[in-house]
Amino acid sequence: MVRADRMGSTRRIDGHAVAALLPVLALLPAWAVSVAAYWWVVARFVRVPYWLFAGTWFLLGVLLFWQPAQRLLLQRLIGARTPTRSEHDRLQQAWSVVAQRNLIPPSRFVLAIVDSDDLNAFATGGHLMIVSSWAVRNLTDDELTGVLAHELSHHLGMHTVALTVSQWLTVPIVMFARIGYYVQNIAQAAGDVMEQKSSGAALVGRTTAGLLTIVSWLFLGTITLAQYIGNFVGKGAEFAADTRAVEMGFGKPLMRSLRRVVESGGGERATNWRDRLVSAHPPARTRIARIDAALRRIAKDNPR
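*Asks:* Describe the packing of helix 6 (residues 85-101) against helix 8 (residues 141-156), and please don't skip the residues or the numbers.
*Replies:* Helix 8 packs onto helix 6 with a crossing angle of 60 degrees between their chain directions and a minimal axis gap of 8 Å. The two elements helix 6 and helix 8 cross, and the hand of that crossing is right-handed. When helix 6 is examined against helix 8, the residues Arg90, Leu91, Gln93, Ala94, Trp95, Val97 and Val98 are found in contact with a partner set consisting of Asp141, Leu144, Thr145, Leu148, Ala149 and Leu152. Class assignment of the residues belonging to the contact of helix 6 with helix 8 gives a composition of 9 nonpolar, 2 polar and 2 charged.

Given below as structure tokens:
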């Protein structure tokens, strides 16, 4: 018998949760600079030291681990929505099975939907689990339990902590980059207008627009770099969550849900390093093979 009933509801930090801090470190310099720009504006009106302004902004991210904030803010920040009545009923039925197996009150976690035509799901915050609309429509109740057990495993392994911090750090960076693009468009338009009056003024406007474009690219490039790092280190966390789902007793349902990916034409290993960097999950075929091996080991260790 699987020992999930004794270990299931406990959270413990594993090595994959520690490795997930690397994208956070990659984002910190751009975050500090973008926050400094906002601080400079605020400091014109209120005397506040930079360290206090930046520290307060950073610590506000703790709210994303508070369940009500996850419902009101975090799920919208990542483009998710509250399930419809029919979606809620389907998810809740599967989630109740997983929660009961792990001795967890079902209300401890928040279930949300992301509109997508792919079989996709992910965990973030302290209690938020997001499933694609395609998965809710097409997976069986049994297969949904496997998917939700996998996402719960991410929470229990503390894999979501660094991910949530990264999501919070990107907010001021994206805002700063968008402001840069907006000002760049104004400078470009001003340069076009001034070209007829003064070539020197036009050159200044276009140079300013070019510099702002470069700065915006650099900031958004930092986010892209952090995502690549997160995808690279996150693959190990996916395997760890699969293993824990097997230990909970949901290995077969999870494996059946992954076979849906293979049947739809996915699940193959990327052929070049760029595609592997972009992919946030290991190939479905590889995951299926590992889950099958783990199930065989459990069967061998616990013969009936």
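After that view of the structure, there is still more to cover.
*Asks:* Explain the nonpolar core to me, using residue names and the numbers behind them.
*Replies:* Among the nonpolar cores identified, the biggest contains 34 residues, and Trp95, Val98, Val131, Leu148, Leu152 and Ile291 are the most heavily contacted of them. Elements supplying a minimum of two residues to this core: helix 6, strand 1 (110-114), strand 3 (128-132), helix 7 (133-138), helix 8, helix 10 (199-248), helix 11 (251-263) and helix 13 (284-301). Per element, the largest residue contribution to this core is 6 residues, and it comes from helix 8. Ignoring any residue separated from it by four or fewer positions in sequence, one finds Ile291 in contact with Asp242, Val246, Gly251, Leu254, Met255 and Leu258. Membership of the second largest hydrophobic core comes to 29 residues, among which are Tyr38, Trp57, Leu64 and Ala177.

*Asks:* For the packing of aromatic side chains, give the residues involved together with the corresponding values.
*Replies:* With the rule as written, the count across this model stands at 6 aromatic pairs. A ring pair is formed by Phe53 and Trp57, whose centres lie 5.9 Å apart and whose planes are at 70 degrees; its orientation type is edge-to-face. Of this pair, Phe53 and Trp57 are both found in helix 4 (residues 50-59), 4 residues apart, which corresponds to roughly one turn of the helix. Like Phe53, the residue Trp57 is buried in the burial classification.

*Asks:* Which residues make up the packing of helix 3 (residues 21-43) against helix 4, and what values go with them?
*Replies:* Where helix 3 meets helix 4, the closest approach of the two axes is 10 Å, and the angle between their N-to-C directions is 120 degrees. Considering their axes alone, helix 3 and helix 4 lie oblique with respect to each other. In this structure, helix 3 meets helix 4 at a crossing whose hand is right-handed. Residues Trp31, Ala32, Val35, Ala36, Tyr38, Trp39 and Val42 of helix 3 touch helix 4, and the partners they reach there are Tyr50, Phe53, Ala54, Trp57 and Phe58. Classifying every residue of the contact of helix 3 with helix 4 gives 12 nonpolar, no polar and no charged.

*Asks:* Can you lay out the pattern of salt bridges for me, pointing to particular residues and giving the numbers?
*Replies:* Should the charged atoms of two oppositely charged side chains come close, the side chains can pair. Under the counting rule described, the total for this entry stands at 9 salt bridges. Where Arg81 meets Glu87, a salt bridge forms, and the shortest distance between an N and an O atom there is 2.9 Å. What makes Glu87 buried here is its relative accessible area of 11%. In this structure, Asp141 and Arg90 form a salt bridge, with 2.5 Å as the shortest nitrogen-oxygen distance. Taken together, the residues span a long stretch of sequence, with Asp141 in helix 8 and Arg90 in helix 6 at a distance of 51 residues. According to the relative accessible area criterion, Asp141 is partly exposed, its value standing at 30%. One salt-bridge network, held together by shared partners, links Arg81, Glu87 and Asp115.

*Asks:* Summarise helix 3; cite the residues concerned and give the values.
*Replies:* Along its 23 residues, helix 3 runs 31 Å from first to last C-alpha, staying within 8% of the 33 Å computed at 1.5 Å per residue. The axis of helix 3 is deflected most strongly, by about 40 degrees, at Leu28, and proline Pro29 appears within four residues downstream.

*Asks:* Lay out unusual backbone geometry with the relevant residues and their values.
*Replies:* Phi is positive for Leu103, which is not a glycine, with a value near 60 degrees. Mapped onto the secondary structure, Leu103 falls in the loop between helix 6 and strand 1. What makes Leu103 exposed here is its relative accessible area of 56%. Even without being glycine, Met158 reaches a positive phi, approximately 65 degrees. Locating Met158 in the fold gives a position in the loop between helix 8 and helix 9 (160-194). A relative accessible area of 21% places Met158 in the partly exposed class.

*Asks:* Break down the side chain of Ser116 for me, with residues and values.
*Replies:* Looking at the element boundaries, Ser116 is found in the loop between strand 1 and strand 2 (121-124). Residue Ser116 is classed as buried on the basis of its relative accessible area of 18%. Setting aside residues no more than four positions away along its own chain, Ser116 makes contact with Ser132, Ser133 and Trp134.

*Asks:* If you had to explain the pairing of strand 1 to someone new, which residues and values would you point to?
*Replies:* Most of strand 1 sits out of view: 5 of its 5 residues are buried. The alternating pattern of strand 1 places Val110, Ala112 and Val114 and Leu111 and Ile113 on opposite faces, both of which are buried. As defined by bridge partners, strand 1 adjoins strand 3 across 5 bridges and the pair is classed as parallel. Looking at the pairing, Val114 lines up with Ser132 of strand 3.

*Asks:* Can you explain helix 4? Please cite residues and give values.
*Replies:* A turn of α-helix holds 3.6 residues, and therefore any two residues three or four places apart point the same way. Considered for burial, the residues of helix 4 that qualify are Phe53, Ala54 and Trp57. For helix 4, the arc enclosing every buried residue in end-on projection is 90 degrees, short of the 170-degree limit, so these residues lie on one face. The exposed set on the far side of helix 4, more than 90 degrees from its buried face, consists of Trp51 and Leu59.

Rules used throughout
- Residues numbered from 1 in each chain as written.
- Predicted model: local features only at pLDDT ≥ 70, side-chain atom pairs only at ≥ 80, totals over all residues.
- Heavy atoms only, no water.
- Axes fitted to C-alpha atoms, helices over the stretch in contact; angles between N-to-C directions.
- Helix = DSSP H or I, 4+ residues; strand = E, 2+ residues; numbered from the N terminus.
- Left-handed = near helix turned anticlockwise from the far one by under 90°.
- Contact = heavy atoms within 4.5 Å.
- Nonpolar A, V, L, I, M, F, W, Y, C, P; charged D, E, K, R; others polar.
- Core = buried A, V, L, I, M, F, W, Y, C linked by side-chain atoms within 4.5 Å.
- Buried < 20%, exposed > 50% of the residue type's maximum accessible area, 1.4 Å probe, protein only.
- Phe/Tyr/Trp six-rings, centres within 6.5 Å; stacked < 30°, edge-to-face > 60°.
- Parallel < 35°, antiparallel > 145°, perpendicular 65-115°, else oblique.
- Salt bridge = Lys/Arg side-chain N within 4 Å of Asp/Glu carboxyl O.
- Expected span 1.5 Å × (residues − 1).
- Bend = angle between axes of the 7 residues up to and from the residue.
- Pairing = 2+ DSSP bridges.
- Arc of directions from axis to C-beta.

All quantities given are derived from atomic positions and should not be read as evidence of function.
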